[in-house]
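Listed below are the residues making up each chain.
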Amino acid sequence: MNPKRALPLMLGWLLLALLVLATPALAQQASGSSEPPAYSTLADLLENQETRQELIDQLRGMAGDVAKSDPGEAASAAPSLPRQLAELTSRVATDIGTQLEAIASAIGGMFASDLESTFDMGAFTSAAINLGLVILATFVLFTVVRRLARPLFTGISQWSLNGRGLTPILRLIICVALAAVVDVLIVSLAYLGGNLIATFAIGQSGELTTQASLFLNAFLVIELLKAGVRMLFASRYDGLRLLPISSEEASYWNRWIARLIGLVGYGLMVVVPLVTAYLAPAVGKGLGTLIMVGAFLYAVVVVLKNRKRLRNALNAKAHQTTMAASRVSLQLFARTWHLFALAYFVMVLVLTLTRPEDALPFVLFATLKTIGAVVVGLLLSSFLTQTIGRRIRLSDDLRRKLPLLEPRLNSYVPNALRVIRTIIVVLVIMVVLNAWGAFDLAAWYASEMGRNLVGKLVSVATILIIAIMVWLALASLIEHKLNPDAGGGMPSARAQTLLSLFRNALAIALVTMTAMIVLAEIGINIGPLIAGAGVLGLAIGFGAQKLVQDIITGIFIQVENAMNTGDVVTVGGITGTAEKLNIRSVGIRDLSGTYHLVPFSSVDTVSNYMRGFGNHVGEYGIAYRENIDTAIEQLQLAFEDLKASDEHGRKLLAPLDVAGVIALADSSVNIRVIIKTTPGDQWAVGRAYNRLVKLRFDEAGIEIPFPHTTLYFGQDKTGSAPPANVRVMQQDFTIDGSPAGQPRADDTATDDRFIPDRKSATSASERINPRHEQVDPENRKPSGGDVDEP
């Protein structure tokens with residue numbers, strides 16, 4: 001970010017922080033404008049009955065005077081918010097200027113006066129040497145103990161990365177907690193060693209100097225804070241790092257935060273008290289202000305330097321998330337994280353300048369609470385993801401009995417995780433706001449509104465969980481009944497249809513009841529809603545008579561078991577397989593593959609071909625000259641062949657039923673047979689039987705007649721038929737181009753049925769054409785003279 005653009009931004013954050021802190025600061029100032037009452041004197045006045053009554057009378061008189069006064073004057077006496085902000089800003093600037101002037105005057109006064117009389121150089125040099133030795137001994141002891149503890153940290157980190165038996169997040173939490181305990185013990189050991197060295201080895205034996213005590217206390221606080229930072233950014237041990245970042249990133253941020261903590265901590269807890277004690281209070285106070293300003297500038301530079309790098313890292317993390325809300329939140333935070341960081345440091349600086357007594361403890365504890373809330377929320381979310389966020393695997397036996405339970409559970413878990421993560425985010429935000437004083441979480445929960453809201457949320461969550469459990473139990477029971485591998489065998493078609501309809505009805509009823517109970521629980525009166533639903537249902541019933549008729553007819557069809565899914569039926573003039581059956585309509589797939597949706601209101605008759613058994617009714621015609629008993633015998637043999645078939649023999653339920661001759665048709669004698677089969681197999685059995693009948697009739701020489709045409713020329717009045725003059729017309733060339741009268745290459749045989757011998761052929765030709773007239777070579781139509789008259 002350009003420094004020219006950063007300067008107005010920081011000034012804006014400074015004004016915003018002053019605005020946030022203006023109200024409590026001015027309130028404190030207003031309350032401190034008058035001297036606080038003497039509580040003991042007030043208690044004495046209240047104990048005496050006469051003085052208590054006199055005090056009550058005075059208070060009532062003052063209240064009457066205030067009521068009689070002009071309200072506009074009181075309103076005009078209160079300054080406006082911009083004026084309060086201006087006064088606070090002016091006071092902060094004045095305080096800073098006063099501190100700088102005090103520093104300059106104090107230093108100038110020290111140099112103007114006799115320095116030896118006001119400053120004991122020998123005592124200062126001795127104290128500085130002793131303090132330096134304490135500092136050196138403490139840090140050397142701390143470094144040595146940490147180096148000795150490195151194998152322990154390495155072993156804990158390796159178990160966190162490669163351990164077995166626990167989820168990774170649980171191993172990480174346990175290992176980080178163990179490492180933190182070891183780290184605290186190391187800091188405590190160094191602190192205790194420094195105290196022993198400062199007490200018995202440096203300076204006067206058995207006496208702990210104030211300077212050493214200041215340093216050792218600061219060392220304990222600062223190193224414990226650094227130990228907490230190492231829990232987040234363990235740069236040396238990947239298995240002891242709570243934040244999912246690389247070692248390089250962890251090392252950078254750990255080093256930067258440690259420097260900032262050391263600068264502020266040792267500066268304010270060691271340097272400032274020593275300067276105040278040895279030089280002047282004004283100098284110490286001004287030095288503290290300079291330390292905070294320097295830390296602020298250092299933090300601003302680091303934030304602006306890493307703005308783009310951290311933004312890219314957050315965007316990469318956002319692309320890896322599965323929740324849309326988390327992805328959008330991370331992307332938004334990636335763009336604005338530096339603004340929050342700058343606002344945080346501006347607020348710390350303003351608090352230090354306006355409330356120097358309690359600013360650092362407040363900021364320190366608020367920051368620790370914020371970091372703790374965020375880290376706990378992240379760990380809890382990761383724990384839920386690793387425990388229940390993974391795909392649920394059921395046992396093979398349970399998966400075989402309830403095949404849909406596993407995918408149903410895996411579809412519920414992501415939604416449940418989204419809800420739980422949302423609750424975690426809300427709780428983290430509330431804890432963070434409570435840490436910074438913007439929201440009183442305990443007071444809100446103690447209030448009636450807070451208790452009611454939490455109670456309603458818990459009740460709604462309980463209702464939803466119970467509804468989901470009931471649905472899982474009942475749906476799994478229905479699936480168990482429908483599953484043929486469950487042990488009960490294949491359920492009947494009626495059971496499949498009714499159980500499927502019951503599952504749908506159960507889902508609708510459960511959703512409706514759950515919604516009603518949830519609405520009633522959150523305070524919505526469902527009485528008018530139920531009444532309105534009844535009126536609406538009545539109106540819909542009058543306006544949608546066909547729909548009502550569909551449902552009523554469908555109910556009776558299901559009760560009477562007229563058809564089930566998979567049956568071959570004729571419904572509404574359409575014949576096919578019933579693929580989908582619900583309370584209002586039936587879906588039928590016909591032989592051509594067309595899917596028909598037939599509402600039950602249009603169904604007058606249901607013809608089901610799958611009830612009990614099926615019959616193949618076959619009619620076979622034979623010629624009149626054939627023997628009927630022989631034909632029936634061949635039909636019986638064909639049935640025996642069908643019964644011996646591996647494919648169709650098991651489908652026959654009774655012997656062949658020969659009904660006999662059912663018709664003496666024009667060209668055939670028709671014999672009917674009936675074959676009783678399993679339901680739905682009559683068509684396949686009939687096709688197979690027809691094939692066998694044809695083979696048997698061919699083998700026995702039984703003719704299956706086909707239509708013949710008789711040509712009739714009619715009769716005259718005397719009853720004699722007129723002669724039909726048929727002329728055999730000869731051509732010079734045959735069709736294939738060979739000369740007439742010459743045999744062709746393929747004329748090797750003559751049909752004896754039509755020309756037995758040459759003589760008979762000649763006589764026949766003469767009878768047909770006695771004149772032996774020559775045929776017109778051009779195939780012209782004969783003229784009238786060419787046709788003999790009768």
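Residues numbered from 1 in each chain as written. Predicted model: local features only at pLDDT ≥ 70, side-chain atom pairs only at ≥ 80, totals over all residues. Heavy atoms only, no water.

Scanning the protein chain from terminus to terminus reveals 25 helices and 8 strands. Residues counted as buried form 30% of the 790 residues belonging to the protein chain. For the protein chain, the computed accessible surface area is about 49000 Å², with 64% contributed by carbon and sulfur atoms. (Helix = DSSP H or I, 4+ residues; strand = E, 2+ residues; numbered from the N terminus. Buried < 20%, exposed > 50% of the residue type's maximum accessible area, 1.4 Å probe, protein only. Areas by Shrake-Rupley, 256 points an atom, 1.4 Å probe, with all protein chains shown as cover.)

Now for the nonpolar core. As a rule of thumb, nonpolar side chains are buried together in soluble globular proteins. The biggest cluster of nonpolar side chains holds 70 residues, and the ones touching the most others in it are Phe 153, Leu 240, Trp 256 and Phe 345. If you list the elements that add at least two residues to this core, you get α7 (121–148), α8 (150–162), α9 (168–201), α10 (210–232), α11 (247–278), α12 (281–305), α14 (324–354) and α15 (359–387). At 13 residues, α11 tops the list of elements feeding residues into this core. Discounting chain neighbours no more than four positions away, the residues touching Phe 345 are Trp 256, Leu 260, Phe 296, Ala 299 and Val 303. With 20 residues, the next largest nonpolar core counts Leu 635, Phe 639, Leu 642 and Leu 656 among its residues. (Core = buried A, V, L, I, M, F, W, Y, C linked by side-chain atoms within 4.5 Å. Contact = heavy atoms within 4.5 Å.)

Relative to the helices and strands, Thr 289 is located in helix α12. By relative accessible area, which is 12% here, Thr 289 ends up buried. C-alpha separation for the pair Thr 289 and Leu 353, spaced 64 residues apart in sequence, amounts to 7.4 Å.

Attention shifts here to the packing of α9 against α10. The geometry of α9 relative to α10 is characterised by a closest axis approach of 10 Å and an angle of 170 degrees between their N-to-C directions. On the basis of their axis angle, the class for α9 and α10 is roughly antiparallel. Crossing hand, α9 versus α10: right-handed. Residue-level inspection shows Val 176, Ala 180, Asp 183, Val 184, Val 187, Ala 190, Tyr 191, Gly 194, Asn 195 and Ala 198 of α9 in contact with α10, the latter providing Ala 212, Leu 216, Asn 217, Phe 219, Leu 220, Glu 223, Leu 224, Ala 227, Arg 230 and Met 231. By residue class, the composition of the contact of α9 with α10 is 14 nonpolar, 3 polar and 3 charged. (Axes fitted to C-alpha atoms, helices over the stretch in contact; angles between N-to-C directions. Parallel < 35°, antiparallel > 145°, perpendicular 65-115°, else oblique. Left-handed = near helix turned anticlockwise from the far one by under 90°. Nonpolar A, V, L, I, M, F, W, Y, C, P; charged D, E, K, R; others polar.)

With that out of the way, let us pick up the sheet that holds strand β7 (residues 657–664). Taking strand neighbours across the sheet as the criterion, the 3 strands line up as β6-β8-β7 in an open arrangement whose pairing is antiparallel. Since the sheet does not close on itself, it has two edges, and those belong to β6 (614–622) and β7, each with one partner. Geometrically, the sheet is characterised by an average inter-axis angle of 25 degrees between neighbouring strands, direction not taken into account. Sheet topology note: the β6/strand β8 (residues 669–677) ladder contains 9 bridges and is antiparallel. Residue pairing across strands places His 616 opposite Ile 675, the latter belonging to β8. Across the sheet, helix α23 (residues 628–643) lies against β6, β7 and β8, angled at about 25 degrees from β8, the strand it touches most. (Pairing = 2+ DSSP bridges.)

Moving on: the environment of Leu 232. Inspection of the secondary structure puts Leu 232 in helix α10. With 56 residues separating them in the primary sequence, Leu 232 and Val 176 have C-alpha atoms 9.1 Å apart. Once residues within four sequence positions are removed from consideration, Leu 232 is found in contact with Arg 241, Leu 242, Leu 243, Ile 371 and Val 375.

Once that is clear, we can look at the confidence of the model for the protein chain. Confidence along the protein chain averages 75 in pLDDT terms, with 69% of residues attaining 70 or more. Here residues 70–78 is a poorly scored stretch, pLDDT under 50, and it has 0 contacts once near neighbours within four places are set aside; other chains count. (pLDDT = per-residue confidence, 0-100.)

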